[in-house]
Amino acid sequence: MKLHTLLSATQIPFPCLISPAQAQIIHAGQACVVKEDNISERVYTIREGDTLVLQCLVTGHPRPQVRWTKTAGSASDKFQETSVFNETLRIEKIQRLQGGRYYCKAENGVGVPAIKSIRVDVQYLDEPVLTIHQTISDVRGSFYQEKTVFLRCTVNSNPPARFIWKRGAETLSHSQDNGVDIYEPLYTQGETKVLKLKNLRPQDYASYTCQVSVRNVCGIPDKSITFQLTNTTAPPALKLSVNETLVVNPGDNITIQCSLTGGDPLPEVVWSHSPSPMPQNSLVQGGNLTIWRIRVEDSGYYNCTAINNVGNPAKKTVNLLVRSMKNVTFQITPDVIKESESIQLGQDLKLSCHVDAVPQEKVFYFWYKNGKPARMSDRLLITRNDPELPPVTSSMEIIDLRFSDYGTYLCVASFQGAPIPDLSVEVNISSETVPPTISVPKGQSTITVREGSRAELQCEVRGKPKPPIIWSRVDKEAPMPSGTMTEETYDGKLRLESVSREMSGTYKCQTARYNGFNIRPREAMVQLNIQFPPVVEPTFQDIRQGLGRSVTLRCTMLKGSPMKVATAVWRFNGNLLTLPPAEQQDYSELKVDSVSRDTSGSYECSISNDVGVSTCLFQVSAKAYNPEFYYDTPNPTLSQKQSKNYSYILQWTQKEPDAVDPILRYRLEVRPLSQRNTIQTFIPVQKMEKGLLLEHVLPNLKVPQSYEVRLTPITSFGAGDMASRIIQYLERRYLPSALPSLDNTCHFEDEKICGFMQDRMDNFDWTRQNAQTQNPKRTVNTGPPTDISGTKEGYYMFIEASRPRVEGDKARLISPLYNITAKYYCVSFYYHMYGKHIGSLNLLVRVKNKRAIDTQVWSLSGNRGNKWQQVHVPINPPGPFQIIFEGVRGTNYEGDIAIDDVTLKKGDCPRKPIGPNKAVALPGNGVSTLHRSSLCGPVTFFLYVLLR
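Residues numbered from 1 in each chain as written. Predicted model: local features only at pLDDT ≥ 70, side-chain atom pairs only at ≥ 80, totals over all residues. Heavy atoms only, no water.

- Within an unreviewed UniProt entry, the label attached to the chain reads MAM domain containing glycosylphosphatidylinositol anchor 1, and the organism entered is Crocodylus porosus.
- As its UniProt record puts it under Subcellular location (unreviewed entry), the chain is described as follows: "Cell membrane". (UniProt positions renumbered as here; feature names shortened; annotations may be inferred.)

Shown next as structure tokens:
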């Protein structure tokens, strides 16, 4: 029999099915334990270096998109500035800083997004560090002349470590030895334990071990460190072969000796350099540091440190200075008292000279006039360090300036006796020496260039001497293109290469107060305009419209320089369209009067602003959108092991069906993945509206083949967008924790809880636990001690009535969505309602229609005894449905309610309780306990749908 004869189309419409996203987090990685902390918080514990895998199980239609985020960081192994858009979050070799709260956000545009979180606790235990200290006293001799010794053991761990002190093989404690005191210092948060040896005795000279343990959590082994305490134990001591400040010349070879003068055990000597790493032209041998052909950049602080974990580390520092001089400048300061800004005869005048040098205080300045040394007099004062100027700036002040004082003055900066070349600067004083003025050349106050080209801003400076020009930005607190806040030029021109639109703005040029007059800076402004092509929207728009309807296309200019549309050119499928002239606006429009096969296609609008062109692209058609497959309830058709065929119910809704003409039928193509041949058939459609669930049975699929299914809507326009999926057959033994298909029982043994979800709109959540995970501080006289099986390992769901819960608070547990395949169903479950403050347990049925409708079908209130009891509730939902367990908190805290072993079966409920329908007393009451059947029973095979 051929496949196409088996694919007889059966269309079964259901009420409109659009449901908001729901989410649940499960783990699949190397977790040590996943537990409920403080009743409601889920904690995932993992060892540092293991692989973290979190999966966000989602339901909802259309299929929700999942996004992972993390508090104080992002959800990725490298903590980049991005989120992880995937249902599975995987972090290889997780580190301690990657612990924290992770959030799964699922949204599909229907209702509010679903957000679930879990706290990841990364466990680790570092190597412990042991240090020895003495009491402070005036004695400066052998270390253990002091009376008291402290052994301090520190470790980084999570959870906090447990400390064990040993002397040899003997474990130390307060009670066993009066000479020992063990305590935790303040503010150490469990990371440190101190062993105090009081009134040191001969037997205290021994081997001491600090052992740290996190109690084998996550399989982390204990760690330890040992120290041998003797009567020669002493802290390190150092001495240097040079002074604390060492001045050398460039090119010298230097050696600094750092010698140990004390310390037992033998200290380790380490050299370091700040603020940069050790230079490459250096070598450390023992305590000796050698630097060959030293450079100016090798200057800095060199630290010699000796450590043996006894007392504090010994440290000696050398400030190494490499002689250098650069940037010699001068200043002309007119008479300050008379507030003059120009040189005038009869007034005072000061000439200043400064050089950037290392060491600055070793610089000497020499002044010359017309080539001869300047000599101090009652009218000529020379100061080596002018207090009114930057440190070590030399000034020569001329009192009552005369004509004879005109001339050329030379300032020479020198390191006397050092092989460093002198630096000098010359300044001429005459009647022509005038303060500067600054202006922008005519026509240069506004510069307009295109993005990516070269720009040159210019300011003209007049005066003698001409000072440098300092450029900065005025309207933006942003650096110059060079990356600095200011930029210096000597010719007054600021040259900018490959300008960008961000460089647009006002630039200020001003005179410097050095290498010229030391007066108020002169300044001017230049405006830089960067022209760039338009930025338009939409860059692409897919427009669907029914045949014969009109549509208006608009291409809008959002940004650009100049900000105006110079030309707008429209093309249809590459062919130029002729449009009547339009007024100058920031957009261009085209109206398609009637959508048809001839007018469907690609419309392109090219907008120009005389600088560049940007394009809007519109795809106009009457094609139908793609169908959206329904994934939430695979509802596999059972197949016995001996059967060679299986069937699958394909379900979908149509995306935006009202956007185009009515859908007439669907083209269905089915292809075995191992073959190229495709079988095609058509599914007629009688009714279509948004959210309407459609269904088609694919029978007689071959075990164990997988199939590709393609579904294409067809309207009077033709074929629409196709959707595809993979149907994969997997044989799997039925487990009690499997997803709850019809006629199966959910025992809540897996943390997936059979696909049940917590309601986001209630007051609190149901909690999954067993006798081993119960809170030891839980309220007595309420709640079950075990699940229905009576074993400590068996799980159940319950609500905790203790604070912060108040009377009337509700917790709702919602099942997956079930399709209608029968007229009547029976919901069976066990409940436990024991305690004097029991509220209510309600069972509701939610039917999916254009909106969800919840109907209460069963309710029970009050104390029902310390036993599990079973109930059967008949339901007959008219469409796809969910069942909801609603627990309502009673008047006080002794009101815990639990449920277990939930079953949904087709057909009527049993009329008379038989077998396990009887009440089951809990262990200790003298009544037999109901045990679950073994997992080695009959094998059932399921069909699972995997998405690709």
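1. Comments concerning the sheet that holds strand S61 (residues 757-758)
For step 1, the next point in the chain: Spatially, S61-S64-S69-S66-S67 is the arrangement adopted by the 5 strands of the open sheet, whose pairing is antiparallel. Pairing within the sheet leaves two strands with one partner each, and these edge strands are S61 and strand S67 (853-861).
For step 2, the next point in the chain: Sheet analysis places strand S66 (residues 840-847) next to strand S69 (residues 881-888), joined by 8 bridges and oriented antiparallel. The partner of asparagine 842 across the bridge, within S69, is glutamate 886. (Pairing = 2+ DSSP bridges. Helix = DSSP H or I, 4+ residues; strand = E, 2+ residues; numbered from the N terminus.)

2. Considerations on the sheet that holds strand S33 (residues 407-414)
In a beta sheet, neighbouring strands pair by backbone hydrogen bonds and run either parallel or antiparallel.
For step 1, the next point in the chain: Spatially, the 4 strands line up as an open sheet ordered S30-S29-S33-S34, and their pairing is antiparallel. Both outer strands of the open sheet, strand S30 (372-373) and strand S34 (423-429), are each paired with one neighbouring strand and no more.
For step 2, the next point in the chain: Where S33 and S34 come together, 7 bridges link them in antiparallel fashion. Bridging across to S34, cysteine 411 finds its partner in valine 425.

3. A few points about the state of the cysteines
For step 1, the next point in the chain: Under the defined criterion, the tally for this structure stands at 8 disulfides.
For step 2, the next point in the chain: Paired by a disulfide, cysteine 56 and cysteine 104 hold their sulfur atoms 1.7 Å apart. With the S-S bond torsion at -60°, the cross-link from cysteine 56 to cysteine 104 turns out left-handed. Remark: cysteine 104 occurs in strand S8 (residues 100-107) and cysteine 56 occurs in strand S5 (residues 52-61); sequence separation between them is 48 residues.
For step 3, the next point in the chain: Classification of cysteine 104 by relative accessible area gives buried; the value is 0%.
For step 4, the next point in the chain: Cysteine 353 shares a disulfide with cysteine 411; S-S distance 2.1 Å. As the torsion about the S-S bond is roughly -90°, the cysteine 353-cysteine 411 disulfide counts as left-handed. Highlighted residues: cysteine 353 in strand S28 (residues 349-358) and cysteine 411 in strand S33, separated in sequence by 58 residues.
For step 5, the next point in the chain: Looking at cysteine 411, the relative accessible area reads 1%, which means it is buried. (Disulfide = S-S within 2.5 Å. Buried < 20%, exposed > 50% of the residue type's maximum accessible area, 1.4 Å probe, protein only.)

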